[in-house]
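As a plain string of letters, each chain reads:
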Amino acid sequence: MIKLKKADLEKMIAHAKGCLPNEACGLIAGTENNGVREIKAVYLLTNTDQSNEHFSLDPKEQLAAVKDMRSKGLTPLGNWHSHPESPSRPSDEDKRLAFDGRASYMILSLMERGKPVLNSFRITGKDPKISEKEQLVIEE
Ligand SMILES: [Zn+2]
């Protein structure tokens, strides 16, 4: 299970809309206890690909975010990115580029403009890689 605060979800949605027509991306960090992940920080990073179909995290911003996580005693939990025109599930490219079976891969779909959809996945295995949806709880 992974928990996200509503205010953080709104922050992600605002960033994703601001990055249209391109994909937006970022990192998530927090705590993990008995399989329950709690997101305590959402980082909004620059998509250096400037593409609506894929993303690369800006390496300098990534380093700064990891330093910030360490200074706050937070665990890196994974990353998030938006899908401007496609559903909230990993694309073949997303699966291909996913190398960390312990990371949560969150995907925010803006396909239905008035109704953003966020899901979280674990991506594991090799040839083929399997994506499995995690239980996501949005908290006030
Ligand atoms: Zn994607």
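Residues numbered from 1 in each chain as written. Predicted model: local features only at pLDDT ≥ 70, side-chain atom pairs only at ≥ 80, totals over all residues. Heavy atoms only, no water.

K.L.:
Outline the coordination of the zinc ion, listing residues and values.
P.N.:
Protein coordination of the zinc ion is provided by His81 (NE2), His83 (NE2), Asp94 (OD) and Asp94 (OD), with donor distances spanning 2.0 to 2.6 Å. Considering all four donor atoms around the zinc ion, angles at the metal cover 55 to 158° and the coordination shape is irregular. Each donor residue of the zinc ion lies on one chain, and together they are spaced H-x1-H-x10-D. Of the two residues, His81 is situated in strand β4 (residues 75-83) and Asp94 in helix α3 (residues 92-96); the sequence distance between them amounts to 13 residues. You'll find His81 and Asp94 in the same group, each marked buried. (Donors = N, O, S within 2.8 Å, 3.2 Å for Na, K, Ca; no water. Tetrahedral: all angles 85-135°; square planar, octahedral: opposite > 155°, others 65-115°. Helix = DSSP H or I, 4+ residues; strand = E, 2+ residues; numbered from the N terminus. Buried < 20%, exposed > 50% of the residue type's maximum accessible area, 1.4 Å probe, protein only.)

K.L.:
A description of the packing of aromatic side chains should follow, citing residues and the corresponding values.
P.N.:
For the coordinates displayed, the defined rule picks out zero aromatic pairs. The ring of Phe99 has Lys129 sitting right over it, with the charged end atom 4.4 Å from the ring centre. (Phe/Tyr/Trp six-rings, centres within 6.5 Å; stacked < 30°, edge-to-face > 60°. Lys NZ or Arg CZ within 6 Å of the ring centre and 35° of its normal.)

K.L.:
So what about helix α2 (residues 59-71)? Which residues, and what values?
P.N.:
For α2, with 13 residues, the first-to-last C-alpha span of 18 Å sits near the 18 Å given by 1.5 Å per residue. Of the residues that open α2, the one with a side-chain oxygen 3.1 Å from the backbone nitrogen of Lys60 is Asp58. Two residues or fewer past α2, Gly73 is found with a positive phi of approximately 70°. (Expected span 1.5 Å × (residues − 1). Polar contact = N/O pair within 3.5 Å; in protein donor to acceptor, adjacent residues only side chain to side chain.)

K.L.:
How would you sum up the sheet that holds strand β5 (residues 104-109)? Please name residues and give values.
P.N.:
Sheet architecture is open: eight strands sit in the order β7-β6-β5-β4-β2-β3-β1-β8, paired in mixed fashion. Both outer strands of the open sheet, β7 (130-134) and β8 (136-139), are each paired with one neighbouring strand and no more. Within this sheet the neighbouring strands show an average axis-to-axis angle of 35°, counted without direction. In the sheet, β5 pairs with strand β6 (residues 117-124) via five bridges, with the strands oriented antiparallel. Across the sheet, the residue bridging to Tyr105 is Phe121, located in β6. Set on the sheet, α2 makes contact with β2 (25-33), β3 (36-45) and β4; between it and β3 the angle comes to about 140°. (Pairing = 2+ DSSP bridges. Axes fitted to C-alpha atoms, helices over the stretch in contact; angles between N-to-C directions. Contact = heavy atoms within 4.5 Å.)

K.L.:
Break down the layout of surface pockets for me, citing the residues and quoting the values.
P.N.:
Left-over empty space is what a probe sized like a water molecule reveals as it rolls over the atoms. Reported here for the largest pocket is a volume of approximately 410 Å³. Looking at the largest pocket, it is lined by 25 residues, and the ones nearest its centre are Gly78, Asn79, Asp100, Ala103 and Tyr105. Those elements giving two or more residues to the lining of the largest pocket turn out to be β2, β4, α3 and β5. The element contributing the most residues to the lining of the largest pocket is β4, with six residues. (1 Å grid on protein atoms, 1.4 Å probe; cavity = no way out; pocket = protein on both sides within 12 Å on 5 of 7 lines; lining within 4 Å. Points joined across faces, edges and corners; volume = space filled by probe spheres on them.)

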